[in-house]
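The primary structure of each chain is shown beneath.
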Amino acid sequence: MQQLEFKTWSRLQQWLAEYKAGQKRYAFRGQSDSSWLLRTSLARYFGKNPIGDNEWRDRELKMYQMFRQRLLHTWPGMYDEWKPWDILSLMQHHGAFTRMLDFTFSPNVAAYFALEDARGESAIWVVDCDRLEERREKLKLPK
């Protein structure tokens with residue numbers, strides 16, 4: 001993994017000059033603290049409120065089922081239309097703890113989340129999707 005450090009917005013913009021919006025070569029994640037590891041909200045929550053490894057799945061499933069049940073009252077046909085990832089995305093959007101990490105194809109959106117609550121050095125994680133795909137193919141992992 002390569003790590004680059006940009007101290008100014010203009011330096012980041014210079015690096016992104018080769019990036020063309022809509023190409024989807026890079027995926028971005030903004031974090032307001034550069035010392036944070038890439039961890040899901042669920043992992044951060046259970047890290048602060050320790051539980052046994054065997055309890056993670058049960059607690060996550062309970063949160064998922066509760067959210068889905070409440071959603072069913074407002075969207076009765078949901079079971080026919082929505083996949084679990086759709087529901088997890090909606091849960092995360094509404095502040096529930098999930099195993100998902102948000103990435104975007106927009107460096108500006110990532111910059112917003114990196115700087116929104118920054119108190120010190122923030123970070124934008126960049127994933128080269130082409131390289132990730134090459135790695136997936138090399139390891140013969142399913143899509």
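Structure: above.
Okay, so let's go over this structure. Computed from a predicted structure; not experimentally measured. (Residues numbered from 1 in each chain as written. Predicted model: local features only at pLDDT ≥ 70, side-chain atom pairs only at ≥ 80, totals over all residues. Heavy atoms only, no water.)

## Observations concerning the layout of surface pockets
Thought 1: Put simply, the largest pocket is a space of about 1300 Å³.
Thought 2: Every residue lining the largest pocket is counted, 29 residues in all, and those nearest its centre are Q2, L4, I124, W125 and V126.
Thought 3: When contributions to the lining of the largest pocket are tallied by element, the ones reaching two or more residues are α1 (9-15), α6 (107-116), β2 (123-128) and α7 (129-138).
Thought 4: If one sorts the elements of the lining of the largest pocket by residue count, β2 sits on top with six residues.
Thought 5: Its residues placed into classes, the lining of the largest pocket shows 17 nonpolar, six polar and six charged.
Thought 6: Estimated volume of the second largest pocket: approximately 560 Å³.
Thought 7: Around the second largest pocket, the lining comprises 25 residues; the ones closest to its centre are R29, G30, R44, D102 and F113.
Thought 8: Among the secondary structure elements, those contributing two or more residues to the lining of the second largest pocket are β1 (26-31), α2 (41-48), α5 (84-93) and α6.
Thought 9: Across the lining of the second largest pocket, the residue classes tally to ten nonpolar, nine polar and six charged. (1 Å grid on protein atoms, 1.4 Å probe; cavity = no way out; pocket = protein on both sides within 12 Å on 5 of 7 lines; lining within 4 Å. Points joined across faces, edges and corners; volume = space filled by probe spheres on them. Helix = DSSP H or I, 4+ residues; strand = E, 2+ residues; numbered from the N terminus. Nonpolar A, V, L, I, M, F, W, Y, C, P; charged D, E, K, R; others polar.)

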